[in-house]
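Survey of secondary and tertiary structure
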Amino acid sequence: MRAGSDSRALYERVADALRTSIERGELAPGDTVPPEQELAESHGVSRQTVRQALQQLTNEGLLSSGRGRGRTVRSQARLRWHLSHYENQSKHSAAADAWAREVQDQGHIPLQEVNVGLEIPPAAVAERLNLDAEKDIVVVRRRVRYVDDVPFQVADSYFPEDLVRGTALMQPKDVSAPGGLLASIGHAQTRLVDEIQIRMPTKDESARLGLPAGTPVAEHMRTGYDADGRAVRVMVTVAPGDRHTLVYELNAT
């Protein structure tokens, strides 16, 4: 190859051109990418080369995973999730839970799909709730959380069954209360312990969240304790790495 020539693969050149169009706003979030044949002709390459370029940009999270005319430019907007303020009792209201309030405060529309069931807890949850993983039962509230109709998180909250039996936490719908639902039943969370790990998603998480290939997630596990020191809830939230900025504000003294 001649010195100074471009040694990049043809598909990388096509990907670079499309990436530049996205960065400049010539292709805006929600815009449909030109058809493969049109791109092939405009760049003087084969459709197979175009497909490789589109797959590269999909892997980077810039395009949806559709094909041909179905591919669109993905929004790069992120939710700033203030975990040091999240679930602060002063922010709870009867109209919206802590997560919905956080989304609304940033000018977006929240929506949650909720399912409730009784289960044997996973070992990690049982350990944090001081339960027997083979005998004890927990109430699980499973939620898919949407921001402007886009799935942003999956969140599963586990409660000791004896603690929440017969309360609003058993209802399979989005519920809230001033000060928080646990506070309303006499077990307000007075201490929270966060554990965060960055990992690749499971197949189920990828499907539920519509994740592009190669997108990591943050798993946020929060254990809440009441004034007596009893662990009253474990919440496990899976948040795509390309849709969130996790924010903590801590006192330095």
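Structural data are supplied above this passage.
Conventions used here
Residues numbered from 1 in each chain as written. Predicted model: local features only at pLDDT ≥ 70, side-chain atom pairs only at ≥ 80, totals over all residues. Heavy atoms only, no water. Patch = residues over 30% accessible without salt bridge, like charges linked within 9 Å, V, L, I, M, F, W, Y side chains within 5 Å. Areas by Shrake-Rupley, 256 points an atom, 1.4 Å probe, with all protein chains shown as cover. Salt bridge = Lys/Arg side-chain N within 4 Å of Asp/Glu carboxyl O. Helix = DSSP H or I, 4+ residues; strand = E, 2+ residues; numbered from the N terminus. Phe/Tyr/Trp six-rings, centres within 6.5 Å; stacked < 30°, edge-to-face > 60°. Buried < 20%, exposed > 50% of the residue type's maximum accessible area, 1.4 Å probe, protein only. Lys NZ or Arg CZ within 6 Å of the ring centre and 35° of its normal.

1. Quick word on a nonpolar patch on the surface
- On the surface, a nonpolar cluster with roughly 500 Å² of combined accessible area is contributed by Ile196, Ile198, Leu246, Tyr248 and Leu250.
- On the secondary structure map, Ile198 appears in strand E5 (residues 191–199).

2. Focus: the packing of aromatic side chains
- In total, this model carries 1 aromatic pair according to the counting rule given.
- Look at Trp81 and Tyr86: their rings are 5.3 Å apart centre to centre, the planes differ by 65°, and that puts the pair in the edge-to-face class. No difference in accessibility class separates Trp81 from Tyr86, as the two residues are buried.
- The side chain of Arg191 reaches across the aromatic face of Tyr225, ending 4.2 Å from its centre.

3. Digging into unusual backbone geometry
- Positive phi outside glycine occurs at Asn130, with the angle close to 55°.
- Turning to its location among the elements, Asn130 is positioned in the loop between helix H5 (123–129) and strand E3 (138–147).
- The class of Asn130 is exposed, set by a relative accessible area of 63%.
- Unlike most non-glycine residues, Asp148 shows phi in positive territory, near 50°.
- On the secondary structure map, Asp148 appears in the loop between E3 and strand E4 (150–160).

4. Observations regarding the pattern of salt bridges
- Counted under the stated rule, the structure contains 18 salt bridges.
- Here Arg128 makes a salt bridge to Glu127, at a shortest N to O gap of 4.0 Å.
- Residue classification places Glu127 among the exposed positions, given a relative accessible area of 59%.
- Between Asp194 and Arg222 there is a salt bridge, with its nearest N and O atoms 2.6 Å apart. Placement of Asp194 in strand E5 and of Arg222 in strand E6 (residues 217–225) is noted, with a sequence separation of 28 residues between them.
- On the basis of relative accessible area, Asp194 is assigned to the partly exposed category, the value being 26%.
- Of the residues examined, Arg222 reaches a relative accessible area of 2% and is grouped as buried.

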